[in-house]
Amino acid sequence: MTPIATTAAPAADARGWRGQWNRAADAASRFVGDSLLALLARIGMAGTFFLSGRTKVEGWLSVTDNAVGLFRDEYRLPLLSPELGAHLAAYAEHLFPLLLVLGLFTRGAALALLGMTAVIQVFAYPDAWATHLTWAALLLYLVGRGGGALALDRRLGIR
């Protein structure tokens, strides 16, 4: 019985286009590391939810009649009264973004906003799946990887 001959894939030429491409990719990886990606995801998602929360309140945290009306007439969440839904959403859309910006309890805050995203997708705006999928991807990144080196979690030793 003769052994089967195997051939190795040719090594990439370090001077050719693949070598140049790989060096550029390595430089990009060093520049856009996990900490920068986490920071941008935290700020982007915080801004999205915080601005939404600001539309539901007057002053600092006085929930508006319009917000309650949205929950009564448009969102129609099961198991929650419109008043309770409007208050919970307004408070959550202020608290969890603040935690994201600080990078404090990042995974929990991102998980809470991911839950809100799922509720929004299923009950409020099912046709906005592309937007919600983008939010979910960023929030899942934060749930899985945490807030990065530029987060209070890291400074306090919180995983």
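Predicted, not measured: the structure shown is a model, and the values here were computed from it. (Residues numbered from 1 in each chain as written. Predicted model: local features only at pLDDT ≥ 70, side-chain atom pairs only at ≥ 80, totals over all residues. Heavy atoms only, no water.)

## Side note on the nonpolar core
If you look at soluble globular proteins, the nonpolar side chains tend to sit buried side by side. Applicable threshold: Definition used in this section: a nonpolar core is a set of buried Ala, Val, Leu, Ile, Met, Phe, Trp, Tyr and Cys residues joined via side-chain atoms within 4.5 Å. Three exposure classes are used, based on accessible area relative to the maximum for each residue type with a 1.4 Å probe and protein chains only: buried under 20%, partly exposed in between, and exposed over 50%. Per the convention used, a helix needs a DSSP run of H or I reaching at least four residues, while a strand needs a run of E reaching at least two, with both numbered from the N terminus. Note on contacts: a residue pair is in contact if any heavy atoms of the two residues lie within 4.5 Å.
Counting 31 residues, the largest nonpolar core has Phe49, Val63, Leu100, Leu139 and Leu142 as its most contacted members. Elements that contribute at least two residues to this core include exactly α2 (34-54), α3 (65-75), α4 (82-102), α5 (106-124) and α6 (129-145). Contacts of Phe49, omitting those with residues within four sequence positions, involve Glu93, Pro97, Leu113, Met116, Thr117, Ile120, Trp135 and Leu139.

## Regarding the packing of α2 against α6
This is how it is decided: Working convention: axes come from line fits to C-alpha atoms, limited for helices to the stretch in contact. Angles between N-to-C directions cover 0 to 180 degrees. Angles are sorted into four bins: roughly parallel if under 35 degrees, roughly antiparallel if over 145, roughly perpendicular if 65 to 115, and oblique for all others. Two helices that cross are described as forming a left-handed crossing if the nearer one is turned anticlockwise from the farther one by less than a right angle, and a right-handed crossing if clockwise. All amino acids are sorted into three groups, where Ala, Val, Leu, Ile, Met, Phe, Trp, Tyr, Cys and Pro are nonpolar, Asp, Glu, Lys and Arg are charged, and the leftover types, Gly among them, are polar.
At a closest axis distance of 10 Å, the pairing of α2 and α6 adopts a crossing angle of 130°. With respect to α6, the element α2 is oriented oblique. For the crossing formed where α2 meets α6, the hand is left-handed. Contacts from Asp34, Leu37, Ala38, Ala41, Arg42, Met45, Thr48 and Phe49 in α2 reach Trp135, Leu138, Leu139, Tyr141, Leu142 and Arg145 in α6. Residue composition of the contact of α2 with α6, grouped by class: 10 nonpolar, 1 polar and 3 charged.

## Observations concerning the layout of surface pockets
Let me state the cut-off plainly: In this analysis, the protein atoms alone were mapped onto a 1 Å grid. Cavities are point sets where a 1.4 Å probe fits without being able to get out; pockets are open sets with protein on both sides within 12 Å along at least five of seven lines; lining residues have an atom within 4 Å of a point. Grid points are joined across faces, edges and corners, and a volume is the space filled by probe spheres set on the points.
By volume, the largest pocket amounts to about 380 Å³. Together, 19 residues line the largest pocket, and Phe71, Leu77, Ala89, Val119 and Ile120 are the ones closest to its centre. Contributing elements (two or more residues each) for the lining of the largest pocket: α3, α4 and α5. When the residues that make up the lining of the largest pocket are grouped by side-chain class, the tally is 15 nonpolar, 2 polar and 2 charged. There is about 160 Å³ of room inside the second largest pocket. What lines the second largest pocket is Thr106, Arg107, Arg145, Gly146, Gly147, Gly148, Ala151, Asp153, Arg154, Ile158 and Arg159. Taken together, the residues of the lining of the second largest pocket sort by class into 2 nonpolar, 4 polar and 5 charged.

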